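Breakdown of the fold
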Amino acid sequence: MLDISREIIKKAASGDMGAFGEIYRTFSSTVYTVAFNITHNRQDAEEVTQDVFVKIFKKLDNFKFESAFSTWLYRITMNAAINTYHSRARRNKGTVNIENVDERIMQKAGASEDSQVIETALTEAGEILNHLSSEHRSCIVLREIEGLDYKEMAEVLNIPLNTVRTRLKRAREALRAYCAERGACHGL
Amino acid sequence: MDCKKAEEVIFTDYIDGRILDEVLLNEVEVHLASCSHCRDLERELKSLRAGFKGMPRMEPPREVWNRIRSKIEKPQAHMAFPGIILRSIPRLSFRIRPAFVAAAATVAILALLLLSRMAPYSDNLSTALTQEDLVSMVNLGDNGNGSAYNFNTPEENYFL
Ligand SMILES: [Zn+2]
């Protein structure tokens, strides 16, 4: 997991915007990527990123270095992303998520070599993630995409280590079942 | 080891390389060598995991940082005065402490030197305060970094 010095965190906590900017530069990609992989919506991912950084700025004073800063940040990000995902799901109940479709078309429109990579990932792994429950999705995102170990996942999700193991097993079973149903998961 | 037990382990700890117990690891590997069903599971899981490795890291658009700044800087502007004072207190005390303690220790040493020269009137005092006391006085300035005169932390360098 990425981390940042105590000194920077203390400076940012005392209102130093330069230090807070450094925290943003270090972690914004992580927060945004996690938020996108949970919500599958660019606008939601932007809002989650914004809310997470505003929240941590306000709460930096309370950060007691009892866990890694990144663990704390992952926890806030995951909670915000899942809440946003659920509230959009409630609003979109029974309708096709038009914005997600738009998202993919927009990705395809910018056809540089980089966006080719993004496009494939979004249409394969991303789409497969989209078929998992938010509980399973958060496990897969933290383990497979963010590379957290079980202990870190337990801290981020605030669940016992054995529950991490159980959820991860169920998430992988669900992935496997989905791929079997589709015939195969290309690239997966 | 039967398939049920093997699957349990393969789905998580085995595939994530978390099995530290060599006996258990050996049991799983012996089972895998003789069971094509569990070998298929292992292969599928490995391929599933590999598929996520290519997921891109994404960057938020620039406006996100601008929006964050405008949200956190506005409320501060309204209460800039108390905000600055409250936020400065921990830093001020941090800056003052080493210098203050060092000064206090210096005064104490000077006072002792002065008293020791006033012998024989202060015989009791100068013998009561031993070398050990002097050392412990000087060490009052020790803020955990080993010395009262340690100005090597980035924050101290910044202000000096
Ligand atoms: Zn088997």
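Keep in mind that this is a model prediction, so the values were computed, not measured.

Residues and elements named next belong to chain A. Summary statistics for chain A give a mean pLDDT of 85 and a share of 82% for residues scoring 70 or more. Here helix α5 (residues 98–109) stands out as the element of chain A with the lowest mean pLDDT, 43, in contrast to helix α8 (residues 150–157), whose mean of 97 is the highest. Low confidence marks residues 96–121, where pLDDT is under 50. Its contacts with residues over four positions away, or in another chain, come to 29 contacts.

With that settled, consider the coordination of the zinc ion. Residue and element names in this part refer to chain B. Looking at the zinc ion, one finds its protein donor set to be Cys3 (SG), His31 (NE2), Cys35 (SG) and Cys38 (SG), positioned 2.1 to 2.3 Å from the metal centre. Angles of 100 to 121 degrees at the metal separate the four donor atoms of the zinc ion, which places the site in the tetrahedral class. Spacing between the donor residues of the zinc ion along their common chain follows C-x27-H-x3-C-x2-C. Taken individually, Cys35 and Cys38 each receive the classification buried, so the pair is uniform in this respect.

Let's shift gears to the packing of helix α7 (residues 134–145) of chain A against α8(A). All names here are of chain A. At a minimum axis separation of 10 Å, α7 and α8 run at an interaxial angle of 135 degrees. The orientation of α7 relative to α8 falls into the category oblique. Handedness of the crossing formed by α7 with α8: right-handed. Contacts between α7 and α8 involve Ser138, Cys139, Leu142 and Arg143 from the first element and Tyr150, Met153, Val156 and Leu157 from the second.

It is worth spelling out the packing of helix α9 (residues 161–181) of chain A against helix α3 (residues 36–53) of chain B at this point. Interaxial distance between α9(A) and α3(B) falls to 11 Å at its minimum, and their mutual angle equals 95 degrees. Judged by the angle between their axes, α9(A) and α3(B) are roughly perpendicular. Residues Arg172(A), Leu175(A), Arg176(A) and Cys179(A) of α9(A) form the contact with α3(B), whose participating residues are Leu41(B), Glu44(B), Leu45(B), Leu48(B), Arg49(B) and Phe52(B). For the contact of α9(A) with α3(B), the per-class residue count stands at six nonpolar, no polar and four charged.

How each quantity is defined
- Residues numbered from 1 in each chain as written.
- Chains lettered and ligands numbered in written order.
- Predicted model: local features only at pLDDT ≥ 70, side-chain atom pairs only at ≥ 80, totals over all residues.
- Heavy atoms only, no water.
- pLDDT = per-residue confidence, 0-100.
- Helix = DSSP H or I, 4+ residues; strand = E, 2+ residues; numbered from the N terminus.
- Contact = heavy atoms within 4.5 Å.
- Donors = N, O, S within 2.8 Å, 3.2 Å for Na, K, Ca; no water.
- Tetrahedral: all angles 85-135°; square planar, octahedral: opposite > 155°, others 65-115°.
- Buried < 20%, exposed > 50% of the residue type's maximum accessible area, 1.4 Å probe, protein only.
- Axes fitted to C-alpha atoms, helices over the stretch in contact; angles between N-to-C directions.
- Parallel < 35°, antiparallel > 145°, perpendicular 65-115°, else oblique.
- Left-handed = near helix turned anticlockwise from the far one by under 90°.
- Nonpolar A, V, L, I, M, F, W, Y, C, P; charged D, E, K, R; others polar.

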